[in-house]
Amino acid sequence: MKPNESALQVRGLTKRFDRPAVDALDLTVRIGEFYALLGPNGAGKTTTLRMVAGLLRPDAGSIAILGVDALRDPVAAKQVMAWVSDEPMIYDKLTPLEYLEFVAGLWGIDPAVSQPSAQGLLASLGLEPHLHERCEGFSKGMRQKVALAGALVHDPRLIILDEPLTGLDALSARHVKGLLQERVHSGCTVIMTTHILEVAERMADRIGVIASGRLVAEGTLGELRRRNGRDDTSLEEMFIALVDAETVAA
Amino acid sequence: MSSAAALSWFARHEIRLAWREWLALMTGSRRRRNRAMIGLIAFAALMHLPAYAVIGRFADLKTPLDQSSLIILSATIFLAWALMLSQAIESVTRVFYARADLDLIMSSPVRLTNIFSIRIAAIAMSVTAMALLLSTPFVDVLVIAGGARWLAAFGVVVAVGLSATAVAIAVTIALFRLIGPVRTRLVAQILAAVIGAGFVIALQVAAILSYGTLSRFAVLTSDTAAAFAPGPDSMVWWPARAALGDTEVLLLLLAGGLVLLGAVMAMFSPRFADTAVSVSSSVTTAGRISRRRTFRMGSRQQALRWKEFVLLRRDPWLVSQSLMQLLYLVPPALLLWRSFSDSSTAIVLVAPVIVMAAGQLAGGLAWLTISGEDAPDLVETAPMPRAQARPAKIEVVLIAIGIVFAPLVMALALVSLIQAAITALGVVVATVSATATQLWFRVQASRSQFRRRQTSSRLATFAEAFSSIGWAATAALALAIPLAALVSGAITAAILAATWKISPRRD
């Protein structure tokens, strides 16, 4: 891999259902970046990320993950990537530790490496007392934390999260945010969609705003403010202005 | 709104929910509803033919009946009651564990006793309606061939439905009190699964042990049964007499059913709220502990297989379903055991029973492993080609079937090598056919939808059933008339080929 390669490079990505969901989207996320993808409901955020994660086949376009063509060699692309959806999908009849063992097995990680890593991850997310309890009685927040630990146990270099903070209490949300920032500091790339604009404002290195399947604005918070012409504008105000303008244009 | 108006409004709400649930169960998606309804009506009309074959000869029965006819008719009605009881237990359990509206109802400013009385009545109605629907072709045949007096049989079905619901509620609430809400769910599911089948199997077991035959009628028509039967005026014969048109007895039965249900409502409705609360609080308690020290070393496929086996083992619903499949195997296993000392020709019947059970069990397991994936995104985003993931799941089905059926086939080999070989071949073919059908019609679903897996594709359900029956018949014919087995096998293969042709056949 070349040193200046991007973590994710999407070109002309297109997906249609009844109407265009993603419309010739171009998007680049740099290695080691925390990238927040924002947009109103139905803008195409989740569809975009599901195509990147290999869960949906695009109608057109290309996806490169850390230099690997994800459409041509999906297995190699998946090896370095993790996906966490807004609805935590875990197995009720497995314990958190068993779930992480299964995920590590799917990614082919040596148990000597994955077991201490799994225990450490679960402990850092406050799940240590529940390591051997089946997940069937867990709250949504606990399930989300198990899913997140599963995504991190194979040490991915690109983590894609779709609304990971939905349903989490303040303490759990802080745990999750802390863990993600730690990963970014150690060189991992994080792409996250969220409706909590304050999270994007505080955590993201760069922010992309998507509407009607197209990227309508992108940059650091400062760049977005400058583009808006006022330095004291909140992300919320800018977001509403951008989405309104796009709706009028459409 | 007055109290009475509120009750009738809630009753209408319950009936509407029950109707829509039933419609969805019968017809699947909304888009295909009209076509499915036409199909259902056609199916119901067609059902009159097998109904005539089974019950047509009894149309001329008149009171006073001879004792063996009375025993057979009463046993049939008792079987219907057992089946309704099984369905009612399942419905009552669902009211506590699966109804999403309990929080809303219990937080509303209404008298919970009244609300739960209506819910009990709704269960009785839906159980009885389903029984009426299923019994209609049989009663129609009796009415057409034997006269209008047989219309009274519909009344017997209603009385049986009312009493079965009443007993189901009493049993479920008693289980709650005795073993607590967590265990009740599992025990009630197992009870519901085995009650109906249990009666038939018990008769078969008795027949095998006493007469060396699989026919349950052997017990019912035996001198022993006649000797133990009560006198002609006993209440035991009331359902049979009512079905034959004795209006007075029918009215007594209906009144008895209503009184029983009313008593259960009065006794248990006030406790329903407590029971519902204890269920919802039990759900939030800590899950069961499964402790293991070290992670396993292995390939990606091994990880998938391990996960599937653990989930199958820890699934109470599946355990109860498998238990029922295994219960069906008890009669042939007994017949097999008897045949060591007795060269009964009835042993030929063992092969189709085993093949049929293997096909049915494989269909359920294949649905769970292929369609019932609770974390589809995780498996799909794993660095593993689909070409490796799917075979790993299919292997789980084949291994599970092997574990269940290999001992039976080996026991069969001690009696007859050729029969064991044909049975083994039948088990493999029926398993592969059922698994392939599930693969062709796979639809992503949650494992908790297992009970309703049939709704995702009626075609797949029928194809799976026909292929199991077809291969079972082929195995039986291979032992008796080998040439006919070729024809039967070809027809079954043609059904499977047609199923594949019209299936979505993704990738």
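For the structure, check the block above.
What counts, and where the lines are drawn
- Residues numbered from 1 in each chain as written.
- Chains lettered and ligands numbered in written order.
- Predicted model: local features only at pLDDT ≥ 70, side-chain atom pairs only at ≥ 80, totals over all residues.
- Helix = DSSP H or I, 4+ residues; strand = E, 2+ residues; numbered from the N terminus.
- Rg over C-alpha atoms; globule rule 2.2 N^0.38 Å.
- Buried ≥ 20, exposed ≤ 12 C-beta atoms within 10 Å, placed from the backbone.
- Contact = placed C-beta atoms within 7 Å.
- Pairing = 2+ DSSP bridges.
- Nonpolar A, V, L, I, M, F, W, Y, C, P; charged D, E, K, R; others polar.
- Axes fitted to C-alpha atoms, helices over the stretch in contact; angles between N-to-C directions.
- Parallel < 35°, antiparallel > 145°, perpendicular 65-115°, else oblique.
- Left-handed = near helix turned anticlockwise from the far one by under 90°.
- Core = buried A, V, L, I, M, F, W, Y, C linked by C-beta atoms within 7 Å.
- Expected span 1.5 Å × (residues − 1).

(A) Inspection of the overall build of chain A at higher detail. For chain A, the count of helices and strands is nine helices and 10 strands. For 250 residues, the compact-globule estimate of 2.2 N^0.38 gives 18 Å, and chain A sits close to it at 18 Å. Once the C-alpha set of chain A is aligned to its principal axes, its extents read approximately 55 × 40 × 40 Å. Burial status across chain A gives 50% buried among its 250 residues. Relative to all contacts within chain A whose residues are 6 or more apart in sequence, the contacts with residues 24 or more apart total 70%.

(B) Summary view of the overall build of chain B. Each helix and strand counted, chain B has 20 helices and zero strands in total. Each of the 507 residues in chain B was classed as buried or not, and the buried ones make up 39%. The long-range fraction of contacts in chain B, counting pairs at least 24 apart against all pairs at least 6 apart in sequence, stands at 80%.

(C) Region of interest: the pairing of strand β8 (residues 189-193) of chain A. Residues and elements named next belong to chain A. Counting buried positions along β8 gives five out of five residues, so the element sits mostly inside the fold. Of the two faces of β8, the one holding Thr 189, Ile 191 and Thr 193 and the one holding Val 190 and Met 192 are both buried throughout. Note: strand β3 (residues 34-38) against β8, four bridges, orientation parallel. By the bridge assignment for β8, Phe 34 is matched with Val 190. Bridge count between strand β7 (residues 158-162) and β8: five bridges; the pairing is parallel.

(D) Examining the interface of chain B and chain A more closely. Across the boundary between the two partners, chain B contributes 32 residues, which contact 33 residues of chain A. Looking at the side of chain B that touches chain A, the elements that each hand over two or more residues are α12 (300-313) and α16 (376-381) of chain B. When grouped by side-chain class, the residues that make up the side of chain B that touches chain A number 15 nonpolar, seven polar and 10 charged.

(E) Structural detail: the packing of helix α15 (residues 350-371) of chain B against helix α18 (residues 417-440) of chain B. All names here are of chain B. Where α15 meets α18, the closest approach of the two axes is 8 Å, and the angle between their N-to-C directions is 30°. In terms of their interaxial angle, α15 and α18 are classed as roughly parallel. Crossing of α15 against α18: the hand is right-handed. On the side of α15, the interface is formed by Ala 351, Ile 354, Val 355, Ala 358, Gly 359, Ala 362, Gly 363, Ala 366, Trp 367, Ile 370 and Ser 371, while α18 contributes Gln 419, Ile 422, Thr 423, Gly 426, Val 427, Ala 430, Thr 431, Ser 433, Ala 434, Thr 435, Gln 438 and Leu 439. A breakdown of the residues in the contact of α15 with α18 according to their chemical character gives 13 nonpolar, 10 polar and no charged.

(F) Layout of the sheet that holds β7(A). Residues and elements named next belong to chain A. Strand order in this open sheet of six strands is β6-β7-β8-β3-β9-β10, and the pairing throughout is mixed. If you trace the sheet from one side to the other, it starts and ends with β6 (81-84) and β10 (214-219), each paired once. The mean angle between the axes of side-by-side strands here comes to 15°, regardless of whether they run parallel or antiparallel. Where β3 meets strand β9 (residues 206-211), four bridges bridge the pair, whose relative direction is parallel. Looking at β9, one finds that Leu 38 is bridged to Val 209. Contacts from helix α8 (residues 221-228) reach β9 and β10 within the one sheet, and its direction differs from that of β10 by about 110°.

(G) Up close: the packing of α15(B) against helix α19 (residues 458-480) of chain B. All names here are of chain B. Between α15 and α19, the least distance of the axes is 8 Å, while the angle of their chain directions is 155°. In terms of their interaxial angle, α15 and α19 are classed as roughly antiparallel. Judged by the sense of rotation from one axis to the other, the crossing of α15 with α19 is right-handed. The segment α15 lies against α19, with Ala 351, Pro 352, Val 355, Met 356, Gly 359, Gln 360 and Gly 363 engaging Glu 464, Ser 467, Ser 468, Ile 469, Trp 471, Ala 472, Ala 473, Ala 475, Ala 476 and Leu 479. Split into classes, the residues belonging to the contact of α15 with α19 amount to 11 nonpolar, five polar and one charged.

(H) Summary view of the nonpolar core. With 92 residues, the main nonpolar core has A:Ile65 and A:Ile160 as its most contacted residues. Within the second largest apolar cluster, 62 residues are counted, among which are B:Met84, B:Leu191, B:Leu253 and B:Leu261.

(I) Examining the environment of B:Ala53 more closely. Residues and elements named next belong to chain B. Structurally, the position occupied by Ala 53 is in helix α3 (residues 48-55). Assessed through the 10 C-beta atoms surrounding it within 10 Å, Ala 53 is described here as exposed. Along the primary structure Ala 53 and Ala 382 are separated by 329 residues, whereas in three dimensions their C-alpha atoms are 54 Å apart.

(J) Up close: unusual backbone geometry. Even without a glycine there, the phi angle at A:Ala24 is positive, about 50°. Mapped onto the fold, A:Ala24 is located in strand β2 (residues 20-30).

(K) Spotlight on the pairing of β10(A). Residues and elements named next belong to chain A. Note: β9 against β10, five bridges, orientation antiparallel. Its bridge partner lying in β10, Ile 210 is registered against Leu 215. Connecting the antiparallel pair β9 and β10 is a turn made up of two residues, with Ser 212 showing a positive phi of about 50°.

(L) Representation of the sheet that holds strand β5 (residues 68-69) of chain A. Residue and element names in this part refer to chain A. Pairing within the open sheet is antiparallel, and its four strands lie in the order β2-β1-β4-β5. The two strands at the open ends of the sheet, each matched to only one other strand, are β2 and β5. Here strand β4 (residues 60-65) runs beside β5; their pairing, made up of two bridges, is antiparallel. Directly across from Ile 65, in β5, lies its bridge partner Val 68.

(M) Here's a closer look at the environment of B:Ala36. Here B:Ala36 is to be found in helix α2 (residues 33-46). Among the residues examined, B:Ala36 registers 17 C-beta atoms within 10 Å and is labelled partly exposed.

(N) Local environment of α18(B). Across its 24 residues, α18(B) extends 34 Å between first and last C-alpha, which sits within 8% of the 34 Å expected from 1.5 Å per residue. Most of α18(B) sits inside the fold, with 17 of its 24 residues counted as buried.

Nothing here speaks to function; it is geometry throughout.
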